[in-house]
Amino acid sequence: MTALLEVDNVSKRFGGFVALDGINLSVKAGERLGLIGPNGSGKSTLVNCICGTLSNETGTVCFDGATMNGLTAHERTRRGLARSFQLPRPFASLSVAENLRVPLLYTVNARSGPHLSAAEIDARTAELLSLVGLANRGSQQPRDLTQVDMRKLELARALAAEPKLLIADESMAGLSNNEVADIVALLIRLNERGITIIMIEHIMRAVMSFSQRLVVLVSGKKIADGAPDTVIRDPEVERAYLGQ
Amino acid sequence: MYVSADLLINALAAGLLLGGFYAAVTVGVSISFGILDIVNIAHPGFIILGSYIAYIVNTRLGIDPIIAAVVLAPAFYALGALVYQVYYASFERYGQESLRGLAFFFGLLFVTEVTLILVFGVDYRYVDAPYIGPSIQIGLIDLPLRMLVPCLVALALIGALQLFLSRSFLGRAIMAVAQDQLALQLMAASPTRIKRIAFALSIATTAIAGALLIVIQPVEPSIGREYIGRVFAICVLGGLGSLPGTLIGAFLLGIVESVTSTFYGPSWAPAVAFGFLLITLAVRPAGLFGR
Amino acid sequence: MRTFTFALICVAVAAATFVAARLVGNDYVFFAGYVVLQYIVLATAWNILGGYTGYVNFGSAAFFALGAYATVFLHKAFPVVTTYFVDEPYALPIPVLIVIGAVISGIVGLGMGYLTLRLRGAFFAIATLALAVVLQTFITNWSYVGGSRGAYVIRPNDIEPIGPYIQYLFLLMLALAVLALVVARSIERSRLGLGFAAIRDDELAAEASGVPTLKLKLIATTISGALMGMAGAPFPYYIGYLQPTSAFALDYAVNSIAMPMIGGTTSWIGPLIGAILLGSLQQVATVTISSSVNLLIVGLLIVDCVIIAPTGILGLLQGRRTARDVVADPAVFSLLFAVNVIPIYFLHQEAFAARPLEIIFWAVLIFLAFARGRLIGLRWLVGLPIAGAALSMVPDPPRLIMALVLAICLVAGLVRRPRDPVARSTP
C-alpha cells in the first residue's frame with residue numbers, strides 16, 4: 001500500500017551548515033514510528049520541513065497522496081498533519097482551554113464536513129485535557145503551568161487538530177516514569193484508533209516500547225531504519241550514541 | 001531631457017561620497033538590527049544628538065567636530081550600554097520585545113528629538129571647519145571636501161569595525177551571539193554582556209556619524225526622521241548583519257538618490273530611500289548579501 | 001452581551017453625548033470633542049492590528065492622510081453636486097467620502113500588508129514608516145491636491161436640520177467612533193479575534209494549529225487601515241485648509257500608539273480610555289503649551305507606560321500589578337528617573353497654567369522612588385520627590401533646591417543594591 005507520508009530526498013541548509021542531507025523516509029498509515037538521534041542531528045528540522053514551518057531546498061514531502069511542496073503550515077495541518085513543538089509554545093495570553101479552541105476552530109471547523117458547535121467545542125476541550133492529564137485545568141494560564149504540564153498542553157493542542165499523522169516532538173521530557181508510561185499508553189490508544197504517530201524522544205524505554213519501527217538520524221543523515229531491536233544493535237548507531 | 005555627461009558624472013561622484021557617509025550612519029543599525037535583532041528606530045535620534053553635541057563643542061571650544069566626536073564616542077558608548085540594559089531588563093528578558101520594545105525606542109526617538117527642539121529651537125545649526133567650503137577638482141569631477149572628508153572617515157570607521165568583528169575575540173563573540181546563544185554560554189561568555197557591548201558600540205558610532213552629518217549639511221532636530229528610512233533601507237538592501245553589504249547598499253542608495261536629486265529635484269529624495277526599502281522587502285528581503 | 005445590544009448602548013451613549021454637548025451652548029466643545037472622537041477611532045483602529053494581532057504600525061498618519069486627501073481630490077474633481085440639504089452646491093456628501101476614504105485606505109493597507117507581512121513584524125513596522133514618508137513626498141509634490149501649498153476646502157456654515165456645520169461633523173465622528181468600537185468588540189469575541197490573539201502570542205504555533213496567519217494579518221491590516229481612512233475623510237472639512245504637514249502630522253503616529261498602550265491593548269476598552277484621557281488632556285493643554293512639549297509628554301508617557309505599566313490602565317484596574325520589580329535594575333531606575341525630569345524642566349518654562357501637567361511626571365518620579373526605596377531598604381527615598389513636587393507648586397519655585405533634591409534621590413537610589421534577589425519569573 002502507498003505510504004501515508006513519503007519524504008523523498010529532502011535537504012535543508014542554513015547558510016553553510018547542512019542540517020538535512022537527502023533524507024528518505026516512508027511512513028505507512030497506522031504505523032508507530034520512533035525517530036531518534038543525538039542533539040543537533042536534524043530531527044526537529046526534519047519535522048519542520050515535513051510540517052511546513054521550514055521549506056526544504058530539495059526533495060518532496062508527500063502526504064496522503066498529495067505533494068506538500070508550496071503548501072503553508074496551516075494548510076498541511078488542515079490536511080491532517082499535526083505536530084507538537086519540542087520547546088512548548090503555548091499561546092500565553094489565552095487560557096489553557098482557549099489554547100485548544102484555536103486548533104478546534106481553525107483546523108477541525110475549517111475542514112469540509114460538519115462543524116463543531118460551541119457546546120461540542122467545550123466538550124472536546126474538556127475531553128482532550130483529561131486525555132493528557134490536565135483535567136479541570138482549563139481556566140488556568142500557561143504561565144502557571146509547570147514545564148511538564150506545558151508539554152502535555154502541547155500534545156493536547158496537536159491532538160485537537162484531529163490529525164491523521166501526529167508528530168510528538170519530545171512530549172515526555174521531564175516526566176516521571178508513571179507519567180511516561182501514561183503518555184505512551186495514550187499514544188498507543190490513539191494509534192489503535194487510527195492515528196499514525198511519529199515519536200521523537202530521548203527516553204529509550206518509551207521509544208522501544210512504543211515503536212514498531214525505528215529511524216536514526218545523525219548529523220542530518222539517516223543511518224538506520226528498521227525494527228527497533230535490530231536498529232539498536234546496529235554498530236553505527238552505537239557509535240553515534242556512545243562514541244568511538 | 002538632456003543629460004549632460006558632466007552633470008551625470010558629478011552626480012555619480014557625489015552619490016558615492018554621500019553613500020560613504022550613509023554607510024557610517026547605517027553601520028550602527030547593521031550591528032543592532034542585523035546582528036542583535038533589536039529594532040532601534042531611535043538610532044537617528046542619537047545621530048542628531050551627536051550632531052548637536054559636535055555643534056556645541058565646535059562653537060564653544062573651537063574644536064574640529066570630527067575629532068570632538070571621536071573623543072566623545074565613549075560617552076555615547078556608556079549611553080548605549082545604559083539603554084540596552086533598560087531594553088533587556090524591561091523587554092528582552094520577558095520576550096516582549098516585539099510590541100513594547102518597538103514602542104520604547106519610538107518613544108525615545110520622540111523624546112530626543114523634541115528635547116533638542118526645546119533646547120536649540122528649529123533653526124538650522126552648522127559647524128565651522130577648514131574643509132567645509134573648498135573642493136578639489138579631478139578632471140570633470142568636482143569633489144567638495146566637506147563630502148570627501150566624511151566619506152573617508154566613514155570608510156575608516158567601517159574598516160575598523162569590520163576588522164574588530166572578524167579578528168578580535170570580542171568581535172567574533174558578537175557575531176556568535178547572533179547565531180547561537182547557548183553555545184556562547186557554554187563557552188562561559190555572558191550573552192547579555194556581549195549584546196550590551198555590541199549595542200553600546202552601535203550607539204558609539206552615532207557620535208561619529210552625527211559629527212559627519214553636521215559637516216555635510218546644516219542640521220535641525222527633525223532631520224533624523226528622514227534617516228530612519230535610509231538606514232533601514234540600506235541595512236535590508238545590503239543584507240542584515242553584513243558590514244560589506246551595508247557599504248555596497250549605502251553606495252547604491254547614495255548614487256540613486258544623488259542622480260534623482262540632480263535630475264528630478266531634491267524634494268523627491270526621501271521617497272527614493274523608502275521606495276527602495278519597500279521594493280527590497282517585497283522582492284528580496286534577504287538583501288544582496290544576506291545570510 | 002450580544003453585539004447588537006452593545007451597539008444600541010453605544011448609540012444611546014453617543015446620542016446623549018451629542019445632546020449634552022449642545023446644551024453647553026459653546027461650539028468649542030464640538031471642535032475639541034471632534035478631535036477626541038477622531039482619536040478614539042484611530043486608537044481603536046491601531047489596536048486591532050497592534051494590540052490584538054501584535055503588528056506595530058508606525059504610519060497611522062499615512063492611512064489617515066489618504067482618507068483626507070481622497071476627500072480633497074474628490075472635492076476638486078467633482079466640485080458641484082447639489083443635494084437638497086444645503087442651498088449652495090458642494091461636493092459629495094461626507095458619508096460617501098467616508099466610505100471612499102475607507103476603501104482607498106483599506107486597499108493600500110491590503111497592498112502594503114501583502115508586500116511585507118510575509119516577513120517578520122519588525123519589517124512590517126519599518127515598512128509602515130516608509131509608507132508614511134513616501135506618501136507624504138508624493139502628495140507634497142502633487143499640485144492638483146495643493147502640494148506643499150495646501151488646499152482649501154470650503155465648508156458651508158450651517159446645515160439643516162442640525163445647525164452649525166461643526167455639529168454635523170461631530171455627529172459623523174460620533175457615528176464613526178461607535179462603528180469602530182462595535183467592530184473592535186465583535187472581533188474580540190469572535191473566532192477572528194482568537195486567531196489574532198494566537199498570531200500575537202506565537203505566530204509559528206498559530207500556523208501549526210491551522211490558523212491562516214497571512215490571511216488574518218491581511219484582514220487586520222485592511223480593517224485597521226480602512227477605519228483610519230474613515231477618520232481622515234471628514235478632516236479637510238473640519239480644518240478648512242489642508243497641508244501635508246497637518247495631514248501627516250506626527251501627532252497621529254505618536255498618539256495612535258500611545259493611547260492604546262496607556263489604556264491597555266488587550267481589549268476595545270483600552271484605546272477608548274486612552275483616547276479620552278490623553279485626547280482630552282491634549283485638548284486642554286493645547287491652549288497652554290507648545291505642540292513640541294505636547295509631543296514630548298506623549299513620547300515620554302509611551303516610554304513610562306511600556307516599562308512600568310505594560311498592561312496599561314486596563315491592566316491596573318484588573319489588578320495586574322505594575323512591573324515594580326523592574327526598578328531593581330539600576331539602569332532602568334536611573335534612565336527612567338532622568339528622563340522624567342526633562343518634561344518637568346520644560347513645563348516650568350511654559351505658562352503657569354501648564355504646571356498641572358507636571359503632576360503626571362512627579363507622580364512617576366514618586367512611584368519610582370517608592371518602588372526603588374522599598375527594594376533597597378531606603379524607605380525615606382520617596383520623601384525626596386514628594387518634597388520636590390511640593391516645592392514646585394509654589395509660585396516662584398527654588399529651581400536649584402529642586403534640582404538638588406532630585407539629584408540626591410537619584411544618587412541615593414543607586415548606591416545600594418536591592419536586598420532580595422528579584423524573582424526571575426515573568427510578571
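How each quantity is defined
- Residues numbered from 1 in each chain as written.
- Chains lettered and ligands numbered in written order.
- Predicted model: local features only at pLDDT ≥ 70, side-chain atom pairs only at ≥ 80, totals over all residues.
- Helix = DSSP H or I, 4+ residues; strand = E, 2+ residues; numbered from the N terminus.
- Rg over C-alpha atoms; globule rule 2.2 N^0.38 Å.
- Buried ≥ 20, exposed ≤ 12 C-beta atoms within 10 Å, placed from the backbone.
- Contact = placed C-beta atoms within 7 Å.
- Pairing = 2+ DSSP bridges.
- Axes fitted to C-alpha atoms, helices over the stretch in contact; angles between N-to-C directions.
- Domains from an automatic or database assignment.
- Right-handed = clockwise from strand over helix to strand, strands pointing away.
- Core = buried A, V, L, I, M, F, W, Y, C linked by C-beta atoms within 7 Å.
- Expected span 1.5 Å × (residues − 1).
- Parallel < 35°, antiparallel > 145°, perpendicular 65-115°, else oblique.
- Nonpolar A, V, L, I, M, F, W, Y, C, P; charged D, E, K, R; others polar.

Enquirer: Any chance you could explain the overall build of chain C here in plain terms?
Expert: Broken down by element type, chain C carries 19 helices and four strands. The globule rule puts the C-alpha radius of gyration for 427 residues at 22 Å, and the 23 Å found for chain C is close to it. Taking the principal axes of its C-alpha atoms as reference, chain C extends roughly 75 × 60 × 45 Å. Every one of the 427 residues in chain C was classed for burial, and the buried ones make up 54%.

Enquirer: What is the right way to look at the environment of Leu336 of chain C in this model?
Expert: Residues and elements named next belong to chain C. Inspection of the secondary structure puts Leu336 in helix 16 (residues 330-348). Sequence spacing of Leu336 and Val303 is 33 residues, and the spatial spacing of their C-alpha atoms is 8.3 Å. Apart from the residues lying within four places of it in its own chain, the contact partners of Leu336 are Asp304, Ile307 and Leu368.

Enquirer: What is the right way to look at the interface of chain B and chain C in this model?
Expert: It is common to report an interface's size as the accessible area lost on association of the parts. Of the residues lining the interface, 37 residues belong to chain B; the matching set on chain C comes to 44 residues. Sorting the residues of the side of chain B that touches chain C by element identifies helix 3 (65-90), helix 4 (97-120), helix 9 (224-238) and helix 11 (269-283) of chain B as the ones contributing at least two each. Here the element with the most residues in the side of chain B that touches chain C is helix 4 of chain B; it accounts for 15 residues.

Enquirer: Quick question: what am I supposed to make of the sheet that holds strand 7 (residues 165-169) of chain A here?
Expert: Through backbone hydrogen bonds, the strands of a sheet pair up, either in parallel or in antiparallel fashion. All names here are of chain A. Taken together, the six strands give an open sheet; going across it, the order is 6-7-8-3-9-10, and neighbouring strands pair in mixed fashion. Edge positions in the open sheet fall to strand 6 (81-83) and strand 10 (221-226), since each of these has one partner strand only. Each strand of the sheet is rotated relative to its neighbour by a mean of 15 degrees, with strand direction disregarded. Sheet analysis places strand 3 (residues 32-36) next to strand 9 (residues 213-218), joined by four bridges and oriented parallel. Each residue of the ladder has a partner; that of Leu35, found in strand 9, is Val215. Its contacts with the sheet place helix 1 (residues 43-51) against strand 3, strand 6, strand 7, strand 8 (196-200) and strand 9, and it is angled at close to 150 degrees to strand 7. Contacts from helix 6 (residues 177-192) reach strand 3, strand 7 and strand 8 within the one sheet, and its direction differs from that of strand 8 by about 155 degrees.

Enquirer: Would you take a moment to explain the domain arrangement of chain C for this structure?
Expert: Under the domain assignment, chain C is made up of domain 1 (3-279) and domain 2 (323-415). When each unit is reduced to the centre of its C-alpha atoms, the spacing between domain 1 of chain C and domain 2 of chain C is 37 Å.

Enquirer: Would you mind going over the pairing of strand 7 of chain A with me for this structure?
Expert: Regular strands place their side chains on alternate faces of the sheet. Residues and elements named next belong to chain A. Of all five residues that make up strand 7, five are buried, and the element is covered over most of its length. Because side chains alternate across strand 7, one face comprises the buried residues Leu165, Ile167 and Asp169, and the other comprises Leu166 and Ala168, equally buried. Both strand 6 and strand 7 contribute to a ladder of three bridges, which runs parallel. Paired with Arg83 across the bridge in strand 7 is Ile167. In this sheet, strand 8 lies alongside strand 7 in parallel orientation, the contact comprising five bridges. By the bridge assignment, Ile167 is partnered in strand 8 with Ile198. For the crossover that starts at strand 7, traverses helix 6 and ends in the parallel strand 8, the hand is right-handed.

Enquirer: Even after reading the chapter, I still don't get the sheet that holds strand 4 (residues 58-63) of chain A, so can you show me in this structure?
Expert: All names here are of chain A. A sheet is described by the order of its strands in space; here four strands give the open sequence 2-1-4-5, paired in antiparallel fashion. At either end of the open sheet lies a strand with only one pairing partner, and these are strand 2 (17-27) and strand 5 (66-67). Bridge count between strand 1 (residues 5-14) and strand 2: seven bridges; the pairing is antiparallel. The partner of Val7 across the bridge, within strand 2, is Leu25. Packed on one face of the sheet, helix 1 meets strand 1, strand 2 and strand 4 and runs near 65 degrees to strand 2.

Enquirer: Looking at this model, I keep getting lost on the nonpolar core. Mind explaining?
Expert: For soluble globular proteins, nonpolar side chains are generally found buried alongside one another. One finds Ala24, Leu212 and Leu277 of chain B together with Val41 and Ile302 of chain C to be the most contacted residues of the largest nonpolar core, which totals 322 residues. The leading source of residues in this core is helix 6 (residues 165-188) of chain C, at 16 residues. Both domain 1 (3-279) and domain 2 (323-415) of chain C contribute no fewer than three residues apiece to this core. Those residues within four positions of Val41 of chain C in sequence are excluded, and the remaining contacts are Leu176, Ala177, Ala180, Leu227, Met230 and Ala231 of chain C.

Enquirer: Is there a simple way to explain helix 6 of chain C in this structure?
Expert: Structurally, the α-helix is built with 3.6 residues per turn, so residues lying three or four positions apart point the same way. If you check helix 6 of chain C, its first and last C-alpha atoms are 35 Å apart, about what 24 residues at 1.5 Å a residue would give, namely 34 Å. For helix 6 of chain C, the buried fraction is high: 19 of the 24 residues fall into the buried class.

Enquirer: What's the story with helix 11 of chain B in this structure? I'm lost.
Expert: With 15 residues, helix 11 of chain B extends 21 Å from end C-alpha to end C-alpha; this agrees with the ideal 21 Å at 1.5 Å per step. Of all 15 residues in helix 11 of chain B, 11 are buried, a share of seventy percent or more. As for helix 11 of chain B, its buried residues are in contact with helix 9 and helix 10 (243-264) of chain B together with helix 4 (94-116) and helix 5 (121-140) of chain C.

Enquirer: Please clarify how the packing of helix 7 (residues 191-201) of chain C against helix 9 (residues 213-232) of chain C should be interpreted in this entry.
Expert: Each pair of packed helices can be described by the angle between their axes along with the distance between the axes. All names here are of chain C. At a minimum axis separation of 10 Å, helix 7 and helix 9 run at an interaxial angle of 110 degrees. In terms of their interaxial angle, helix 7 and helix 9 are classed as roughly perpendicular. Along its contact with helix 7, which presents Leu192, Gly195, Phe196 and Ile199, the element helix 9 presents Thr213, Leu216, Lys217 and Ala220. Within the contact of helix 7 with helix 9, the residues separate by chemical class into five nonpolar, two polar and one charged.

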